[in-house]
Amino acid sequence: SRICSFAMRISWLLPAALVFWANGQSANRCPDAYYWNSNGSCNPCPAGSSANWSSDWSCSECPVGQYAPMQGMLQCIGCSRGRFANDTGSSECHACPAGRFSSSSAQSACEACAPGKYMLSTQSSECLHCEPGKFSNETASEVCQLCPFGTYSPQNATACQDCPAGTEAVDFEGSDRCVPCKAGFYNSVAGKSCVRCPPRAVTNTTGLTSCEDCGLIWLWPMTSDAERTHCVTEGAAFLGCICIIFGCTFFFILLPYVLRYHAEIEDITLDRTDGKCRVIIRTHGRHWLPHRSVQRFLKDSMLRFRANSSAGTFVLGGTLNASSTGRPVPAVFFNTDHPFLDAPSSKNEEGWIMTEAAALEAEASALYFWAKPMERTESKQKIAGHLIQPVTSHHLILLGQDGLPTSRSIETSKGVLRIPFPLTLFMLSVPGTFVSIGLLMVLSALLALLPFLALISSPEGAKWVYFLSSMIAVLLATGFHLFVASLRPITPTQRTLRRHMRNIARLNPQPELTRRKKGPERAVRAGHVEDLVTTFQESIRHRDMYYVATNIIKPVTKAHRLSYAECVGPQTVSWFVSHYWGTSFSHFAASIQKHSEAVVQPFNSAQDVSYWICSFSNNQWQLEEELGSGWEQSSFFMALASKDCVGTAMVLDDEALPLTRAWCLFEVLQTMIIRRENFKGLSLCTTTGVLQKGKSGVDLPMRIAERLAKLRLEDATASVQKDKEMILKLVSEMPGGFEAMNGYLRRNIAEALRTMQEIFTSKLENLLKMLDIAELEQHEDSNKDGGDIILDLDAGGDDDILAETVHV
């Protein structure tokens, strides 16, 4: 530009010099850059024109792109770069406006800046490139525009480009490049900025278009950390799963107990203490009925803490502590096989079952033994339901509908008791505490439902996780119940039954091969009876044959559905046993043992004497077949009438109760009728021996004789009325009828009394003789050391020997 200015100054001096030179050359000729006007004078060429070198004394206008700034210009000057002259005869050049340029001199017009370029100032010889982050999408742009948000542009850009997905513009506007989204951010749409991953989603690398959902990892609910770069355990969802698992598990563990709570019965017995009778129920394991109030529980806990002792202990057979008993609770009994207990809907097993009439007879015999007036209750009251009152964690008292302890004679070691729903919600408590099961279930349900109630703020997919947690809780509860069922110990009676059945299986592994027809071939040895009473001594105690048949014989024979004799090994009958089921089984077994010792043959064992006993020899699973269509086809008659049967052994108690039973009269009748050479008739058996052999004390035969003197055989009873009618008819039709029967029994008792008298007299005489001998020897040996004198008082009996050692 300085060079141009210097050239212009020189050009202004050139016309004057030329004029001076022309005047000096010729006065008649105009100098260059002058023209001859009409007045005859030379005038300089006006501005915008220059000398016309093709003709003298004329001027020509400057062409476009050139200009003559002053008069007398020899030639026009081209417009410099950045300027233009778009008309001829221009005295000056115009500056190119903003957005346009002229890159060379002598231009008649300026060029517009191309897209991607701009020119803010005028008189420019060139356009500038748009900087990175800016663009120009039109020609002749004066300025470049900034790239909008989410876009970028390089240098000389005509348009901005969207940042691709996974990236974002480095600046808010005018970004010259895109950068990848940082970890924890993502961009799924081109031209948008990166955004932070939502909760419970992460990106652990840069430049990602989406976030990874944490969801579940190995079934555990997960969420994102604060930076959204890593998945961590979802605290709320995890806590919700734990609440559901614990709440549902406890709920489903308790649910079966609430809907159908039952306690397995270990033993039920009539306890007689201080003249009071109470039916005591012992459960197998702890029952869930609270036997103490909250105050009593806290007091007992303090006592145990201080003295390390158990308070409120209930001792079977002892005095009950009324202050430690709980509230009476309605209960229903099932599968006890006792008509006084079982509900009408209880499913009894097949075969023989104890009827209400049989239960009343057993109760009557128990009342005889305990010197208590016989009380009978109508059947409709027997099945009316029961109340139970807890006294310890394992014992309950059976109450009547009046709320007082019942004194019914009930003996069993099987079955379950149930507390009806919804009483279980209020009456049951956690064993060892006073916490109500209903309250615990409500709390468990609330704990399990709390996460579901908070689902609005829970993570996405938590509903499925919570449902899965519920299923896990159901499986845990089911596994718990199966585990408890597999570990549940059996009752002592069940344990003894299993041991006894294993012993039987070793002795007779295949009972089906020893199956016998009903009648004389199904006898048992005396050793079998003794073995049974020894094995089940703790369970039998004072109980009768009704208990033994229900709780021992039927469970032992259930697998094979045979008689007990066929299971242990059947024998051929030698003695037919007539007895009353209401008699104590221990008394019965001891009487059989004494009888076997009295009748055993030399060189044989008393244990091998065989007996036909109805409860052992009859198949209790097919009782109708055993009884037959008439008494002639009954197993009783077939055994007694067998040629192998040598006699009838009647087991008597102090009250001679067998003689009050119709079936016992039938057996005595058949014994009277039989006339065989080897038949020995009726043997009266007691726990001290056979009465006819004098193997008994004096008191027992005397009591039996007194009982017989007052007994009317025609008043005998039977559990089934038609059986009684049939038997009484048979007795009345025989010669002499009941008088002959009474005479037969009285003769047997009289014979026993006479035998006892002879034996007693003989023993007394022997004893007196021995005492006299001892006194004589004492005088003879007074100076010697005392010796032992053996006094043998043998009355000639074949078994019992009374021996005493006297030190002199």
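These remarks concern the structure in this document. The structure presented is a predicted model; accordingly, all values stated were derived computationally and were not measured.

In total, this model carries 10 salt bridges according to the counting rule given. Arg-177 is the partner of Asp-176 in a salt bridge, and the nearest nitrogen-oxygen pair spans 3.3 Å. Measuring nitrogen to oxygen at the nearest pair gives 3.0 Å for the salt bridge that ties Lys-414 to Asp-337. Taken together, the residues Lys-414 in the loop between β30 (395–399) and β31 (416–419) and Asp-337 in the loop between β28 (329–334) and α4 (356–369) connect sequence positions 77 residues apart. What makes Lys-414 buried here is its relative accessible area of 17%. Salt bridges linked by common partners bring Asp-267, Glu-411, Arg-541 and Arg-543 together as one network.

Spatially, six strands are ordered β32-β34-β33-β35-β36-β37 in an open sheet, and the strand pairing comes out mixed. Every interior strand has two partners, whereas the edge strands, β32 (524–525) and β37 (689–690), have only one. Where strand β33 (residues 575–578) and strand β35 (residues 647–651) come together, four bridges link them in parallel fashion. By the bridge assignment for β35, Ser-578 is matched with Met-650. Each of β33, β34 (610–612), β35, β36 (682–686) and β37 touches helix α14 (residues 585–599); the most contacted strand, β36, lies at about 125° to it.

Let's shift gears to the state of the cysteines. For the coordinates displayed, the defined rule picks out 11 disulfides. Covalent S-S linkage joins Cys-147 and Cys-160, the inter-sulfur distance amounting to 1.9 Å. For the disulfide bridge between Cys-147 and Cys-160, the dihedral angle about the S-S bond is near -90°, and by the sign convention the bridge is left-handed. One end of the pair, Cys-147, is in the loop between β14 (145–146) and β15 (151–152); the other, Cys-160, is in the loop between β15 and β16 (161–162), with 13 residues separating them in the sequence. Free cysteine Cys-664: the closest other cysteine sulfur is in Cys-614, separated by 8.4 Å. Judged by its relative accessible area of 3%, Cys-664 is buried.

It is worth spelling out the packing of helix α9 (residues 492–507) against helix α12 (residues 545–557) at this point. Two elements in contact, α9 and α12, have axes separated by 9 Å at closest approach and are oriented at 50°. Accordingly, the angle class assigned to the pair α9 and α12 is oblique. At the point where α9 passes α12, the crossing takes the right-handed sense. From α9, Thr-493, Leu-497, His-500, Met-501 and Ile-504 reach across to α12, where they touch Tyr-547, Asn-551, Ile-552, Pro-555 and Val-556. Looking at the contact of α9 with α12 residue by residue, the classes come out as seven nonpolar, three polar and no charged.

Where helix α2 (residues 235–259) meets helix α7 (residues 437–453), the axes come as close as 8 Å, and the angle between the chain directions of the two elements is 145°. Where α2 crosses over α7, the two elements pack in a sense that is left-handed. When α2 is examined against α7, the residues Gly-240, Cys-243, Ile-244, Phe-246, Gly-247, Cys-248, Phe-250, Phe-251, Leu-254, Leu-255 and Val-258 are found in contact with a partner set consisting of Ile-437, Leu-440, Met-441, Ser-444, Ala-445, Leu-447, Ala-448, Pro-451 and Phe-452. Residue classes in the contact of α2 with α7 are distributed as 17 nonpolar, three polar and no charged.

A surface patch of like charges, here positive, comprises Arg-495, Arg-498, Arg-499, Arg-502 and Arg-506. Looking at where Arg-495 falls in the secondary structure, it is placed in helix α9. We classify Arg-495 as partly exposed; its relative accessible area is 39%.

Turning our attention to the pairing of β35. Counting buried positions over the five residues of β35 gives five, a clear majority of the element. Of the two faces of β35, the one lined by Gly-647, Ala-649 and Val-651 and the one lined by Thr-648 and Met-650 are each fully buried. Here four bridges tie β35 to β36, and the two strands are oriented parallel to one another. In the sheet register, Val-651 faces β36, and the bridge partner there is Cys-685. Where the polypeptide runs from β35 across helix α18 (residues 662–673) and back to β36, its parallel neighbour, the crossover connection is right-handed.

Ile-388 and Phe-585 are the most contacted members of the largest nonpolar core, which totals 87 residues. Among the elements that line this core, the one with the most residues is α12, at eight residues. Grouped together as the second largest cluster of nonpolar side chains are 30 residues, Met-650, Ile-727, Val-731 and Phe-738 included.

The strand order around the closed barrel formed by six strands is β26-β27-β30-β29-β28-β31, and the pairing between neighbours is antiparallel. Within this sheet the neighbouring strands show an average axis-to-axis angle of 45°, counted without direction. Judged from the four bridges that link them, strand β29 (residues 386–390) and β30 form a sheet pairing that is antiparallel. The residue bridging Ile-388 from the neighbouring strand is Leu-398, located in β30.

What follows covers unusual backbone geometry. Going from Phe-421 to Pro-422, the amide bond is cis rather than trans, its omega being 10°. Tracing the chain through its elements places Pro-422 in the loop between β31 and α6 (423–427). Here Arg-200, not a glycine, exhibits a phi torsion of approximately 70°, which is positive. Inspection of the secondary structure assignment puts Arg-200 in the loop between β20 (195–196) and β21 (201–202). The class of Arg-200 is partly exposed, set by a relative accessible area of 23%.

This part is about the packing of aromatic side chains. One pass over the full model with this rule turns up 15 aromatic pairs. Ring-pair connections join several aromatic residues into one group, and the members of that group are Phe-576, Trp-612, Trp-631, Phe-636, Phe-637, Trp-663 and Phe-666. Over the ring of Phe-334 we find Arg-418; its NZ or CZ atom is 4.4 Å from the centre of that ring. Just above the ring of Tyr-547 sits the side chain of Arg-543; from NZ or CZ to the centre is 4.4 Å.

Calculation criteria
Residues numbered from 1 in each chain as written. Predicted model: local features only at pLDDT ≥ 70, side-chain atom pairs only at ≥ 80, totals over all residues. Heavy atoms only, no water. Salt bridge = Lys/Arg side-chain N within 4 Å of Asp/Glu carboxyl O. Helix = DSSP H or I, 4+ residues; strand = E, 2+ residues; numbered from the N terminus. Buried < 20%, exposed > 50% of the residue type's maximum accessible area, 1.4 Å probe, protein only. Pairing = 2+ DSSP bridges. Contact = heavy atoms within 4.5 Å. Axes fitted to C-alpha atoms, helices over the stretch in contact; angles between N-to-C directions. Disulfide = S-S within 2.5 Å. Parallel < 35°, antiparallel > 145°, perpendicular 65-115°, else oblique. Left-handed = near helix turned anticlockwise from the far one by under 90°. Nonpolar A, V, L, I, M, F, W, Y, C, P; charged D, E, K, R; others polar. Patch = residues over 30% accessible without salt bridge, like charges linked within 9 Å, V, L, I, M, F, W, Y side chains within 5 Å. Areas by Shrake-Rupley, 256 points an atom, 1.4 Å probe, with all protein chains shown as cover. Lys, Arg positive; Asp, Glu negative; His and termini not counted. Charge placed at Lys NZ, Arg CZ, Asp CG, Glu CD. Right-handed = clockwise from strand over helix to strand, strands pointing away. Core = buried A, V, L, I, M, F, W, Y, C linked by side-chain atoms within 4.5 Å. Phe/Tyr/Trp six-rings, centres within 6.5 Å; stacked < 30°, edge-to-face > 60°. Lys NZ or Arg CZ within 6 Å of the ring centre and 35° of its normal.

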